[in-house]
Structure formats: C-alpha cells, structure tokens
Amino acid sequence: MARYIFITGGVVSSLGKGLMAASLAALLQARGYKVRIRKFDPYLNVDPGTMSPYQHGEVYVTDDGAETDLDLGHYERFTGVSARQSDNVTSGRIYRDIIAKERRGDYLGATVQVIPHVTNEIKAFAQADVDGLDFVLCEIGGTVGDIESLPFIEAIRQMRNELGRDQTVFVHVTLVPYIAAAGELKTKPTQHSVKELTALGVQPDILLCRCEHPLPENEQAKIAAFCNVRKEAVIPALDAKSIYAVPLQYHAEGLDYEVLRAFGITPGVAPDLRRWEDILDRQQNPEGEVTIGVVGKYVGLADAYKSLNEALAHGGFANRVKVNINWIDAELFEKGDSDIAAALEPMHAILVPGGFGERGSEGKIAAVRFARERKVPFFGICLGMQMACIEGARNTAGIADASSTEFGPTDEPVVGIITEWMTEEGLQTREAGGDLGGTMRLGAYEARLAGNSHVSGIYGSTVISERHRHRYEVNGAYKEPLEKGGLMFSGMSPDGLLPEIVERPDHPWFIGVQFHPELKSKPFDPHPLFASFIEAAVEQSRLV
Ligand code: GLN
C-alpha cells in the first residue's frame, strides 16, 4: 500500500520545496523504503518544453522522453530513482486531457467542472503507477493562496478524506523571516499561511520552517499552538551551507522521524546516511581546485544549466577537487581573437553546453577552435558537439562554409535535420524503426561505441544509453572529410546512421556528445564523462 506525502509551500516561493521533497525522499530511502517523487505544476503550459530557460530554468528530460520541471532533476539526483513522464503533471496537461475527453463525448452529456472532473484527474495522476512503492511524495508547485493551485489543494484534501490519516500526510513549508531592525524572528507569516491552508480544508501535520537564524524553542511552541501542530512537528530548517547538507540537517531536526510518526509508523533504527556524509566531506574538504570555462548563451542563469552545474560538481567529488565554473558569454567572442585567448587561457578546461538558435554560435565555434589548437580539455554537449563538428569542418577539413541548417539555409549543412541529409535507404530504415526525427528527439537512446575509442575506455563499455533533447544531427554525409580532419566518430546510433559521439584521438581530451550526460549524473554516482573531464582539467591545471 503506497502512502502519500503532500508538500505545499507558503508565504513566498523559492523556499526550496523541491530540495526538501528530494531530501525527505532520500531519508526515507535510507531507512529502507521505496519512494517516488512527483511534481504538480499549476501553470497552464502542457509541459515546460516550450518555456524559456530565462523564465523557467532548465527543462529536465526523463528516460521515457518527457520534458519536465527541473525539480525532477533534484529528485533523481537525490534518490537515484529515474524520473518518468508520470512524475510531472501541469494544469495545462490536465485541462487538455479533460477537454479531449469532453470532445469525444466521454462525459456522456455531463457538465464538466473543476470539482469533480479536474480534481479526479489530479487524484488519478497521484495514484497511478505506484505498485511496490512505500511512499509517494507529491510536491504542489506555487504558493498556497495562488488561484492556480486551488484544484490541487482540493484534490489532496479529498485524498485525505478518502484514504485516511495513516495513508496521507501533509507537510507545509513556510518562511520565518528575521527582522533585523527588531532583532526578531517573526512567526506571523507562517500563522497566516497555515490559516489559508486550513480554510481550504487541509490541516498540515508537519511544518518545515525555513529560517536564516535558529528558531528558539518558545517560537517553535508558539507556531505549534497557533497552527494546531505538535511542537515536535514544527521542524526548523536553517539555511544549509550546501544542498548536500540538507538531508543530514533535516534528519538531525527530526523530519523523517516526524513524518513516519504522523503515519502512525514506529520509526525503526536510524537511517544509514554514510553516502551523504561522504559527499559532504568531498565537497567541504577538496584537495585542489580547477576552473572550467563554460561558453554558452544563458550566462548568469544558474537554473538554465542546473544539471550541468551539478554534474560538474559531481565530477569534482569524484576527483576530490572544487570545480569553479566560469560562465562566458559566447557572444563576447564574436568581436575578435584576442578576447578569446585572454578569456580562455586561465581555464583548465572548456565546455560548450547545449543550446538553441544561432546567437552566440560563432563564439562557441571560436572556443572549440581554441581548445583544439591549444590542446585544452574540451567537452561539447549537444549543440556543443554540433559546434565542434562545424569547427572541424571549417578549420581541419577545408569546408569554409560549414554550418547548421538551424541557423538558416546553407550550402554545407554539416548539421541538419535528418530528413534534410539522409539517403532514401537510411530514411526507410529509420522510419521502419519509428524514429524519423524532424521533431525533437527526446529521451533515452542507445549508442554503440568504437572499442578503440577514448569514450569506450571512459564508460568501460561499448553500449550506452543516454538522454537526448535535440532536433538537429551531425550530417553523416560529412563523416569522411571530418575524419580526415582528425575527428573520430566514436559513438553511433545502433543502426549506424546517426553520429552520437565525436572525439579527437590526437588531443588529450576532446569529446563531443549529441546527448545530455549531465541529466544522469548523481552526487554519489558521478557520470563517467564528467569524472573523466574533471580529471583531465586537474591534469591541465598542473601544466599551466
Ligand atoms: N539546437 C540543437 C538541436 O536542436 C541542439 C539542442 C541542444 O543543445 N539541446 O539539435
């Protein structure tokens, strides 16, 4: 029987509900329970796939090809449980499905309403696909009081009514602000937020109080009294020094204990948290540091490259070094070569990440050239691999006009949509396999690696599966000239038609991948490519 933990947020947004859900799940997992985390997003987009990274941060892609909220990345990194399509739903998707049913006549003439039709869909989503699970954690996006989130709060209220107290627990995350002028912590916003929630029929069982200063016992007691919650269930959540300290800190404050207690479960022996202690130790006590230049477009937006940031840090844990990320706006390089050398010379390695559109592409290509010529470790991801191939075509294969059709019509489409460049025979093969492309290639795909390649050594395997999110591909028709220019096509799709990985055997570390390895890296299981890339950066730091 799966039990449900509903996580709501109050007072303000950005309280770290996602991290809290991920940490609680990790703690329950460390106690031997099977967990899954789900995210309910109240906005009207069907999924975040079309939302700007400026607005919404990274789009996290699952193995089964869903474009989801970046919180699912936290969930997966903290629990190691692969997220699925069925772990993220938006109001937009729910309304779309309901309206499609209504048009088909599925409601048999009934009036379709928020209650019960929308709330039923929400409840069905929460309870689908839960076989074998002990706990399903459901995070409700937004802040209590938002108009958009009302149907979700109503749905979880109904679930409590239907399933009872021993199968549902409500955790409310709030803020206890510190007023410097008065030198006091203020509990009133929390009281108001809980009042708002109870007015909707949801009495929280546990309050997680985010605060910048320690919450004294008397304030904890006051919150408990006003909010109708046991004093022990008012959990102070002081700002943590690192996200990896959060599970340990919440455990020390009794969060997992209180959650089990609220279900009426007698908490057994203490959870085994050694993996978290080890990660924190690696992060807090590095034995060196390296600086990686990331040449991209969405510079200064940590959330736009959330998983990349994390994967680089994980690569640091694997090597016991601190990884500094120096974000460099690719457009700055479009002015002239001298800028490039000045900006990139201090870097121990260079990474060109994924991206969309032409803006900044010439700067990225210039960064690839610098890395290739100066033999600085280079990692190209998705668009970064495409740029590495265009650079190779232009500067090592004599194809001066090499470009991508993503940037407009070109006579030398080294990168293009497969229907633009593949032979009739190739297209038929792919069509038979149900993967013609043209739309976004999303989710996990296998690749075969050349046995004598750098990457097969790094992976320790010649068959891999990685997640994709792209529309364009490196054009197989240019394989020969690119190979003559020193690029090795070391990873291909299983049918041998799509380039998945390129590398330069004459370079200490030069790898481009069409997929997004950062999506699968975990702090306690750093992705081999990132571990190896950071190792190469450490080597480079000894040279410069
Ligand atoms: N814009 C490129 C494409 O669609 C790369 C996408 C990416 O980097 N995620 O193929």
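As a starting point, this report considers the structure included with it. (Residues numbered from 1 in each chain as written. Predicted model: local features only at pLDDT ≥ 70, side-chain atom pairs only at ≥ 80, totals over all residues. Heavy atoms only, no water.)

**Description of the pattern of salt bridges**
Put simply, the test is: By definition here, a salt bridge exists when the distance from a side-chain nitrogen of Lys or Arg to a carboxyl oxygen of Asp or Glu is within 4 Å.
Throughout the structure, instances matching the rule amount to 40 salt bridges. Shared partners join several salt bridges into a network, and the residues in it are K39, D41, D69 and D71.

**Focus on unusual backbone geometry**
Applied cut-off: Runs of E in the DSSP output that reach at least two residues are strands. Runs of H or I that reach at least four are helices, and both are numbered from the N terminus.
Of the consecutive residues I115 and P116, the connecting peptide bond is found in the cis state with omega at 10°. Within the fold, P116 resides in helix α5 (residues 114–127). One non-glycine residue, S14, lies in the positive phi region at around 60°. Looking at the secondary structure, you find S14 in the loop between β1 (3–9) and α1 (17–30). Unusually for a residue other than glycine, R320 sits at a positive phi of about 55°. For R320, the position within the fold is in the loop between α12 (306–319) and β13 (322–329).

**Observations concerning the packing of α1 against helix α3 (residues 71–79)**
Rule in force here: A fitted line through C-alpha atoms serves as each axis, taken over the contacting stretch for helices, and the angle formed by two N-to-C directions is quoted from 0 to 180°. Working definition: roughly parallel below 35 degrees, roughly antiparallel above 145 degrees, roughly perpendicular at 65 to 115 degrees, and oblique for all remaining angles. Here a crossing is taken to be left-handed if its near helix is turned anticlockwise relative to the far helix by less than a right angle, and right-handed if that turn runs clockwise. It only takes one pair of heavy atoms within 4.5 Å for two residues to be counted as in contact.
The geometry of α1 relative to α3 is characterised by a closest axis approach of 9 Å and an angle of 20° between their N-to-C directions. Relative to α3, the element α1 is oriented roughly parallel. Judged by the sense of rotation from one axis to the other, the crossing of α1 with α3 is right-handed. Note on element contacts: α3 touches α1 through D71, H74, Y75, F78 and T79, opposite G18, L19, A21, A22, S23, A25, A26 and Q29.

**A short note on the site of the ligand**
We count it as follows: In this text, near means that some heavy atom of the residue lies within 4 Å of the molecule or strand in question. For the purposes of these results, a polar contact is taken to be a pair of N or O atoms within 3.5 Å, where, inside protein, one atom must be able to donate a hydrogen and its partner to accept one; residues adjacent in sequence count only when each atom of the pair is a side-chain atom. Every accessible area reported is derived by Shrake-Rupley at a probe size of 1.4 Å, with residue values counting cover from the shown protein chains alone. Residues are grouped as follows: Ala, Val, Leu, Ile, Met, Phe, Trp, Tyr, Cys and Pro are nonpolar; Asp, Glu, Lys and Arg are charged; all remaining types, including Gly, are polar.
Around the ligand, the neighbouring residues are G354, G355, F356, C382, L383, Q386, E406, R469, H470, R471, Y472 and H516. A distance of 3.1 Å is found between an oxygen atom of the ligand and a backbone nitrogen or oxygen belonging to L383. In this structure, E406 approaches the ligand through a side-chain N or O atom, which is 2.8 Å from a nitrogen atom. Protein contacts shield 99% of the accessible area of the ligand, which totals 300 Å² for the unbound molecule. Its residues assigned to classes, the shell around the ligand shows four nonpolar, five polar and three charged.

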